[in-house]
Amino acid sequence: MIWDHLLDRLRGKTDADPLPEPDEKLALGALLVRVAKADDNYHALEISEIDRILATTFDLNPIEAAKLRATCEKLEHNAPGTPDFALLIRENVDYPHRLEVAQKMVDVIEADGKHVPAEDASLLEISKLMGIKPEDTPVGPAS
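My aim in this report is to walk through the structure given alongside it, one point at a time. (Residues numbered from 1 in each chain as written. Predicted model: local features only at pLDDT ≥ 70, side-chain atom pairs only at ≥ 80, totals over all residues. Heavy atoms only, no water.)

On to the packing of aromatic side chains, then. Applying the stated criterion across every chain, the model contains 0 aromatic pairs. When the ring centre of Phe58 is taken as reference, the NZ or CZ atom of Lys25 above it lies at 5.2 Å. The cationic tip of Lys133 hangs over the ring face of Tyr95; the distance from NZ or CZ to the ring centre is 5.5 Å. (Phe/Tyr/Trp six-rings, centres within 6.5 Å; stacked < 30°, edge-to-face > 60°. Lys NZ or Arg CZ within 6 Å of the ring centre and 35° of its normal.)

This is the structure in structure tokens:
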């Protein structure tokens, strides 16, 4: 399979659909993925939590939420840095809903039952970039 993929790339063939331009929905999903990967361990419980958040936030069924998350994973992997995603949310989402986004990131951090400083650092960085005041920034569980 790896060889087939390599040969296709050498021949100029790609089976990957182009990624969509990020909007606030994709930016939220990509940031949730990014914060989940902050500890270099993308756990199944975190993935489930992201799916749950996307489903409830955007009124999606489980299959639609999983497809959206899969697109967000690809976007997160190939996309520009965190500031671009955070700016999309900052410019298109009001302050109370940005606070909810930050809290959802805490939910993802807590999903695997493990907590590391890299997750806190990622959460603080993203919250700041989204324009959340330091006193309003949610914090994860104690390390």
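On to the packing of helix H2 (residues 24–36) against helix H4 (residues 62–78). Here H2 crosses H4 at 70°, and the two axes come no closer than 8 Å. Comparing the axis directions of H2 and H4 gives the class roughly perpendicular. Contact residues: H2 offers Lys25, Leu26, Gly29, Ala30, Val33 and Arg34, while H4 offers Leu68, Arg69, Thr71, Cys72, Glu73, Leu75 and Glu76. Residues that form the contact of H2 with H4 fall into these classes: 6 nonpolar, 2 polar and 5 charged. (Axes fitted to C-alpha atoms, helices over the stretch in contact; angles between N-to-C directions. Helix = DSSP H or I, 4+ residues; strand = E, 2+ residues; numbered from the N terminus. Parallel < 35°, antiparallel > 145°, perpendicular 65-115°, else oblique. Contact = heavy atoms within 4.5 Å. Nonpolar A, V, L, I, M, F, W, Y, C, P; charged D, E, K, R; others polar.)

Here we come to the pattern of salt bridges. Within this structure, the stated rule accounts for 5 salt bridges. The shortest N-O distance in the salt bridge between Arg52 and Glu49 comes to 2.6 Å. Of this pair, Arg52 and Glu49 both sit in helix H3 (residues 44–58), 3 residues apart, roughly one helical turn. For Glu73, the salt bridge identified is with Arg69, shortest N-O distance 3.0 Å. Of the two residues, Glu73 and Arg69 are both situated in helix H4; the distance of 4 residues between them amounts to about one turn of the helix. Ionic contacts of the salt-bridge type, sharing partners, join the residues Arg34, Lys37 and Glu76 into one network. (Salt bridge = Lys/Arg side-chain N within 4 Å of Asp/Glu carboxyl O.)

Take unusual backbone geometry next. The phi angle at Asp40 is positive, at roughly 60°, despite the residue not being glycine. For Asp40, the location among the structural elements is in the loop between H2 and H3. Overall, the relative accessible area of 76% leaves Asp40 in the exposed class. A positive phi angle, near 50°, is found at Asp59, a position not held by glycine. With respect to the helices, strands and loops of the structure, Asp59 is situated in the loop between H3 and H4. (Buried < 20%, exposed > 50% of the residue type's maximum accessible area, 1.4 Å probe, protein only.)

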